[in-house]
Amino acid sequence: MAAAGASVVGYDRMKEVKEFDDSKMGVKGLSDSGITTIPRFFVHSPETLSEVKSSPAHIEIPVIDLANVGSNSHRSKIVEQIREASKTWGFFQVINHGVEVSVLDDTISAIKAFHDQPMEVKAKHYIREEGHGVMYSSNNDLFRSEAACWHDSLQVWMSPEPPEVEEIPKICRKEVVEWDKHAKKVADTVMELLSLGLGLEAGKFRDLTFSDSRAFLGHIYPYCPQADLTMGIKSHTDPGIITVLLQNQIQGLQVKHGNHWVDVKPVPGGLIINVGDFLQIVSNGEYKSVQHRVLANASTESRISIVVFFNLAKWRESGKYGPLPELLTPEKPGIYRDFTVEEFFQNFYNKGLDSKSLIEKIKL
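About the criteria used
- Residues numbered from 1 in each chain as written.
- Predicted model: local features only at pLDDT ≥ 70, side-chain atom pairs only at ≥ 80, totals over all residues.
- Heavy atoms only, no water.
- UniProt positions renumbered as here; feature names shortened; annotations may be inferred.
- Helix = DSSP H or I, 4+ residues; strand = E, 2+ residues; numbered from the N terminus.
- Rg over C-alpha atoms; globule rule 2.2 N^0.38 Å.
- Buried < 20%, exposed > 50% of the residue type's maximum accessible area, 1.4 Å probe, protein only.
- Contact = heavy atoms within 4.5 Å.
- Areas by Shrake-Rupley, 256 points an atom, 1.4 Å probe, with all protein chains shown as cover.
- Pairing = 2+ DSSP bridges.
- Axes fitted to C-alpha atoms, helices over the stretch in contact; angles between N-to-C directions.
- Core = buried A, V, L, I, M, F, W, Y, C linked by side-chain atoms within 4.5 Å.
- Expected span 1.5 Å × (residues − 1).
- pLDDT = per-residue confidence, 0-100.
- Phe/Tyr/Trp six-rings, centres within 6.5 Å; stacked < 30°, edge-to-face > 60°.
- Parallel < 35°, antiparallel > 145°, perpendicular 65-115°, else oblique.
- Nonpolar A, V, L, I, M, F, W, Y, C, P; charged D, E, K, R; others polar.
- Left-handed = near helix turned anticlockwise from the far one by under 90°.

By the naming in an unreviewed UniProt entry, the chain is 1-aminocyclopropane-1-carboxylate oxidase-like protein 4, taken from Forsythia ovata. Here is the UniProt Sequence similarities (unreviewed entry) comment for the chain, exactly as written: "Belongs to the iron/ascorbate-dependent oxidoreductase family."

Right under this line is the structure:
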């Protein structure tokens, strides 16, 4: 097998990538067409594929019950659980978070319904304009990465500049708008607990606008006929403050913990929360943003995951950001330098998904 990105005589990778993108069919279209071999530009390198193995069954990410988060006697215990999970895992699941199971199910069903539409219906939404509005595409880093991954996504930038509601596909419009509100409510609760875990005021992250920039992504990972040769999404960290993830019961998400890749088993009614690079930096390394990936789906049932990325909307007047001054002491000085808005966005949009390159660049 040729390594991903390797030159093969007579093979024009970019031509094949462009033809796939121009077709607007996505990997769902490829899967539905009944292909038995995947196009070569989806094949990952032997180095990437050699790492793909499941976790020891006894390791699982923490599950935290938010049922009594409003009670003072329980709150301090929950703060400690979230602080510990964010410090050691960077990932945790929350249950009893206040969102009805029927809302979770309706949101998943609506995103599945969007992706299950005929290709020609979805195609009118297929564009590559990142950062605003509504965008349906396969692999947002398709032209920047060495090998493509087996997923399609509907992306809606919900805040601070939401699209016209009519721009959101009708089949999932109501659910996308509603989910943004529900996910923000959960995120605001979690951010209060994260803030308290750092010894800050509960409302500190809210005051810093840490949940005011939001992007909604509805991913589908359809059946892949050669799931052992590609990835659903390659290993990466999330760039923002936190991510709230809702998924159906088809497994595939894995989190790096120590030297192990750990399978994230969906908990019925649960939501997955993970720390992003920005929060690792502003917490001066107290909270950890960790690598995670999604395996290509060998199941005939599609995996659906709905992600809301939270980030700050208002930068400091200097146009820079870095560790929060309140967390720095002579004994615990800053371990990251300040970085600019431009550095942050260039790091994300000018390359393929990867792990932690901004954190590595600004570490002192």
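Enquirer: I would appreciate a short explanation of the overall build of the chain in the present structure.
Expert: Summing up its helical and strand segments, the chain has eleven helices and 14 strands in all. By the compact-globule yardstick of 21 Å for 364 residues, the chain fits well, its C-alpha radius of gyration being 20 Å. Projected onto its principal axes, the C-alpha coordinates of the chain cover approximately 60 × 45 × 45 Å. Residues counted as buried form 53% of the 364 residues belonging to the chain. For the chain, long-range pairs separated by at least 24 residues make up 77% of all intrachain contacts whose partners lie at least 6 apart in sequence. For the chain, the accessible surface area stands at approximately 16,100 Å², while carbon and sulfur atoms represent 52% of it.

Enquirer: Would you mind showing me how to read the sheet that holds strand β12 (residues 303-311) here?
Expert: For sheets, the rule is that strands pair by backbone hydrogen bonds, running either parallel or antiparallel. Judged by pairing direction, the sheet is mixed, and its eight strands sit side by side in the order β1-β2-β10-β7-β12-β5-β4-β3 without closing on themselves. Every interior strand has two partners, whereas the edge strands, β1 (63-65) and β3 (134-137), have only one. Averaged over all pairs of adjacent strands, the angle between their axes in this sheet comes to 20°, without regard to strand direction. Alignment of β1 against strand β2 (residues 91-95), held across three bridges, turns out to be parallel. Its bridge partner lying in β2, Val 63 is registered against Gln 93. Contacting β1, β2 and β10 (271-275), helix α4 (residues 72-88) runs over the sheet at an angle of about 160° to β1.

Enquirer: What is the right way to read the sheet that holds strand β8 (residues 253-257) from this model?
Expert: Read across the sheet, four strands follow the order β6-β11-β8-β9 without closing on themselves; strand pairing throughout is antiparallel. Strands with a single pairing partner mark the edges of an open sheet, and in this sheet they are β6 (231-236) and β9 (260-263). Strand-to-strand twist in this sheet, taken as the mean axis angle between neighbours without regard to direction, amounts to 30°. Of the strand pairs in this sheet, β8 and strand β11 (residues 292-295) are connected by three bridges, and their pairing is antiparallel. Each bridged residue has a counterpart across the sheet, and for Gln 254 the counterpart in β11 is Arg 293.

Enquirer: Which parts of the structure should I look at to understand the pairing of β8?
Expert: Every regular strand shows the same layout, with side chains that alternate between the two sheet faces. By the bridge criterion, four bridges tie β8 to β9 in an arrangement that is antiparallel. Following the sheet pairing, His 257 is matched in β9 by His 260.

Enquirer: Quick question: what am I supposed to make of the UniProt feature "domain: Fe2OG dioxygenase" (unreviewed entry) in the chain here?
Expert: Using the residue numbers shown here, the UniProt feature "domain: Fe2OG dioxygenase" (unreviewed entry) corresponds to residues 209-312. When the span residues 209-312 is considered, its composition is 6% helix and 46% strand, and the gap between its end C-alpha atoms is 5 Å.

Enquirer: How should the nonpolar core be read in this particular structure?
Expert: Most often, soluble globular proteins keep nonpolar side chains buried together rather than apart. Formed by 66 residues in total, the largest nonpolar core has its most connected members in Trp 179, Ile 242 and Tyr 321. Considering every element that reaches this core, the biggest residue donor is helix α7 (residues 173-197), with nine residues.

Enquirer: Help me out: how do you make sense of α7 in this one?
Expert: For the α-helix, the turn length of 3.6 residues means that residues three or four positions removed from each other point alike. Its 25 residues give α7 an end-to-end C-alpha distance of 36 Å, which sits within 8% of 36 Å, the value for a rise of 1.5 Å per residue. One or two steps after α7, the chain reaches Gly 199, where phi turns positive at roughly 80°.

Enquirer: What should I look at first to understand the confidence of the model for the chain in this one?
Expert: Low-pLDDT portions of the prediction should not be read for the details of their coordinates. Counting all residues, the mean pLDDT for the chain is 93, and 94% of those residues have values of 70 or more. Counted against residues more than four places away or in other chains, residues 1-7, with its pLDDT under 50, gives 15 contacts.

Enquirer: How do you make sense of the packing of aromatic side chains when you look at a structure like this?
Expert: To describe a pair of aromatic rings, one takes the distance between the centres and the angle between the planes. As enumerated under the stated definition, the model contains 17 aromatic pairs in all. Judged by centre distance (5.4 Å) and plane angle (75°), the ring pair of Phe 278 and Phe 339 falls under edge-to-face. In this pair, Phe 278 is assigned in helix α9 (residues 277-282) and Phe 339 in strand β14 (residues 339-340), connecting sequence segments 61 residues apart. As far as burial versus exposure is concerned, Phe 278 and Phe 339 are alike and both buried. Centroid distance Trp 315 to Tyr 321: 5.9 Å. Interplanar angle 90°. Geometry classified as edge-to-face. Note on Trp 315: relative accessible area 16%, which makes it buried.

Enquirer: Explain the packing of α4 against α7 here, please?
Expert: Helix-helix packing is characterised by the crossing angle of the two axes and by the distance between the axes. Between α4 and α7, the least distance of the axes is 8 Å, while the angle of their chain directions is 85°. When the interaxial angle is binned, α4 and α7 end up roughly perpendicular. The segment α4 lies against α7, with Arg 75, Ile 78, Val 79, Ile 82, Arg 83 and Ser 86 engaging Glu 192, Leu 193, Leu 194, Leu 196 and Gly 197. Taken together, the residues that form the contact of α4 with α7 break down as six nonpolar, two polar and three charged.

Enquirer: What's the story with unusual backbone geometry in this structure? I'm lost.
Expert: With the exception of glycine, the majority of residues adopt a negative phi angle, and the majority of peptide bonds are in the trans configuration. A cis amide bond links Ser 159 with the next residue in sequence, Pro 160, at an omega value of 10°. One can find Pro 160 in the loop between β4 (152-159) and α7. With phi around 60°, Asn 139 is a residue other than glycine that occupies positive phi space. Structurally, the position occupied by Asn 139 is in the loop between β3 and β4. On the basis of relative accessibility, which here comes to 1%, the residue Asn 139 falls in the buried class.

Enquirer: Teacher, can you tell me more about the packing of helix α5 (residues 101-115) against α7 here?
Expert: Where α5 meets α7, the closest approach of the two axes is 10 Å, and the angle between their N-to-C directions is 135°. It follows from the interaxial angle that α5 and α7 lie oblique. Crossing angle aside, the handedness with which α5 passes α7 is left-handed. Here α5 contributes Val 103, Leu 104, Asp 106, Thr 107, Ala 110 and Ile 111 to the contact with α7, which in turn contributes Glu 175, Val 176, Trp 179 and His 182. In the contact of α5 with α7, the residues fall into six nonpolar, two polar and two charged.

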